[in-house]
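# An overview of the molecular structure
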Amino acid sequence: MRILSSKTIEDAVYRLAAKACLRLTPSCERALREAERCESEGSAARFALSAVLDNAEIAAEEKMAVCQDTGYAVVLAEIGQDVHIEGALLSDAVNGGVRRAYEDMCFRKSVCDPVTRANTADNTPASLHTEIVAGDRVRLTFLPKGFGSENMSRLYMLTPAQGVKGIVDSIVETVRLAGSKPCPPVICGVGIGGTFDTCAYLAKKALTRPLGSHNGRPDIAAIEEEALNRINALGIGAQGFGGKTTALGVLCEVLPTHIAGLPVAVNIQCHCMRCESTEI
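Residues numbered from 1 in each chain as written. Predicted model: local features only at pLDDT ≥ 70, side-chain atom pairs only at ≥ 80, totals over all residues. Heavy atoms only, no water.

### Some points on the pattern of salt bridges
The condition is simple: The salt bridge definition used is simple: a Lys or Arg side-chain nitrogen within 4 Å of an Asp or Glu carboxyl oxygen. Secondary structure counts use DSSP, requiring at least four H or I residues in a row for a helix and at least two E residues in a row for a strand, with both numbered from the N terminus. Throughout this description, buried means an accessible area under 20% of the type-specific maximum (1.4 Å probe, protein chains only), exposed means over 50%, and partly exposed covers the range between.
Following the criterion strictly, the structure yields 20 salt bridges and no others. As a salt-bridge pair, Arg 99 and Asp 122 come within 2.8 Å of each other at their nearest N and O atoms. Here the residue Arg 99 occupies a position in helix H4 (residues 90–104), and Asp 122 occupies one in the loop between H4 and strand E4 (127–133), the gap between them amounting to 23 residues. Exposure remark for Arg 99: the relative accessible area of 36% places this residue in the partly exposed category. The salt bridge partner of Glu 150 is Lys 145, with a shortest N-O separation of 2.9 Å. A cluster of three or more residues bridged by salt bridges with shared partners is formed by Lys 7, Glu 10, Asp 11 and Arg 100.

See below:
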């Protein structure tokens, strides 16, 4: 049994939050540069992608938030079953790290009561997802989720008869209906199977995968590829200016589901993909 202080977790979340909001993930930056290269010289889409990349470069150099929406703090925690967390509750440790990071780095605090709209003033509580895994380590992933894209996400409860076509149609329809609102080119995290709630979690978890990666199942990887090709044929393009790239990637995760159902969740992420992980 390994003893881990809750303060160690709080400090780790602090570092992840402080770092994540300042820069794009390496795979996202590579995908944006490739998208820029593929657009026509002098086109509005190429101009938009160039501006996005310039912004990311300046943010990294100046240590400023790469997007003014520093998001709802989403934390995924994979906790080894041989770890004992000593001190504060895990949720308190995570929220403590978020609170300190958003205050010290002057990040925008966007969390509020859903009814009164009163701001919590420190960007907490975080959305915390835990998973018990083998071993005596804790892996933390921090994903700041802006709501321009989150608001464009959708959940479908398909019938089994709709099958693969229904899954792909749902992904493409989500992006088509979103149009330019989520600051494309977007990234689609997709959960397939499970239940109403678990497929939504899968969609969020899928977003933490690097762009360019593929699901290990060939049939699911084929869904990713078909959906991406169809989305990029929509012609929405970077920031809605048209062009070849409406989505940088489609990332699917899958779980077994009930014989009577086929849940599909599509979690939209804008071009500003920020995600950091660490193991302690």
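### Describing a negative patch on the surface
Test applied: Note that patches include only residues with greater than 30% relative accessible area and no salt bridge, and the join distances are 9 Å for like charges and 5 Å for nonpolar side chains (Val, Leu, Ile, Met, Phe, Trp, Tyr). The protein chains shown are the only cover counted for residues, whose accessible areas, like all others here, come from Shrake-Rupley with a 1.4 Å probe. Note on charges: Lys and Arg go in the positive column, Asp and Glu in the negative column, and His and the chain ends are not counted at all. The atoms used to mark charge sites are NZ of Lys, CZ of Arg, CG of Asp and CD of Glu.
Side chains of Asp 54, Glu 57, Glu 61 and Glu 62 sit close together on the surface and give a patch of like negative charge. Mapped onto the fold, Glu 57 is located in helix H3 (residues 44–62).

### Regarding the pairing of strand E7 (residues 186–194)
Using the following cut-off: For two strands to be treated as a pair, DSSP must find no fewer than two bridges joining them.
Counting buried residues in E7 gives 9 out of 9 residues, a clear majority hidden from the surface. Note that E7 and strand E8 (residues 247–257) share 9 bridges and pair parallel. Pairing of Gly 191 across the sheet is with Glu 253, part of E8. The pairing of E7 with strand E9 (residues 262–269) spans 6 bridges and is classified as antiparallel. Across the sheet, the residue bridging to Ile 187 is Gln 269, located in E9.

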